[in-house]
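# Secondary and tertiary structure notes
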Amino acid sequence: MARRVIPSSLVVTLDRLAKARAWGRITKAGVAFDYSWATQEAASFLLIREPHHSDEDIDRAVAEIVASGESAGPVRVARLDAGSGARPSAAGLFDAK
């Protein structure tokens, strides 16, 4: 994987993936992403890795984001929790009862 990538333990729901796609947040490599502004000029990016994405897809997506000049630092990569619904859990700290 690219050097400007931080693998994350973050799990993204299908709902969040759908919202990112609906907002057009998709790289040319076909990887959906989300972001939050870190400064007035740069953002913190989170790629949403789906089961069909290869390391090369992620590398191409990171390269695209870095080349845009809008990244405030390394890009994080979250995995998709395909088994979840629209309700996200609190990072796995609490078990649903």
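I will try to describe carefully the structure that is included in this document.

Thresholds, definitions, all that
- Residues numbered from 1 in each chain as written.
- Predicted model: local features only at pLDDT ≥ 70, side-chain atom pairs only at ≥ 80, totals over all residues.
- Heavy atoms only, no water.
- Helix = DSSP H or I, 4+ residues; strand = E, 2+ residues; numbered from the N terminus.
- Buried < 20%, exposed > 50% of the residue type's maximum accessible area, 1.4 Å probe, protein only.
- Contact = heavy atoms within 4.5 Å.
- Areas by Shrake-Rupley, 256 points an atom, 1.4 Å probe, with all protein chains shown as cover.
- Salt bridge = Lys/Arg side-chain N within 4 Å of Asp/Glu carboxyl O.
- Polar contact = N/O pair within 3.5 Å; in protein donor to acceptor, adjacent residues only side chain to side chain.

Next up on the list: the overall build of the chain. Helix and strand content of the chain: two helices and four strands. Counting from the amino terminus, helix and strand elements in the chain follow one another as β-α-β-β-α-β. Across the 97 residues in the chain, those meeting the buried criterion constitute 32%. Summarising the internal contacts of the chain: among those between residues at least 6 apart in sequence, 66% fall at separations of at least 24. Entry remark: accessible area of the chain is about 6,300 Å², with carbon and sulfur atoms responsible for 52%.

On to the pattern of salt bridges. One pass over the structure, following the stated rule, counts six salt bridges. Arg16 is the partner of Asp34 in a salt bridge, and the nearest nitrogen-oxygen pair spans 3.1 Å. Residue Asp34 is found in strand 2 (residues 32–37), and its partner Arg16 is found in helix 1 (residues 14–22); the two are separated by 18 residues along the sequence. The buried category is assigned to Asp34, whose relative accessible area is 13%. For the salt bridge of Asp55 with Arg49, the shortest nitrogen-to-oxygen distance reads 2.9 Å. On the basis of relative accessibility, which here comes to 35%, the residue Asp55 falls in the partly exposed class. Through salt bridges with shared partners, a single network forms among Arg16, Arg25 and Asp34.

Among the secondary structure elements, Leu10 is positioned in strand 1 (residues 5–13). On the basis of relative accessibility, which here comes to 28%, the residue Leu10 falls in the partly exposed class. Once the C-alpha coordinates of Leu10 and Ile48 are considered, the two residues, 38 residues apart in sequence, prove to be 9.6 Å apart. If we skip the residues at most four places from it in the chain, Leu10 touches Arg16, Leu46, Arg76, Ala78 and Arg79.

Position of Asp57 relative to the elements: it lies in helix 2 (residues 55–67). For Asp57, a relative accessible area of 13% translates into the label buried. Within the structure, Asp57 has its side chain in polar contact with the backbone nitrogen of Ser54 (distance 2.9 Å). Those residues within four positions of Asp57 in sequence are excluded, and the remaining contacts are Ala29, Val31 and His52.

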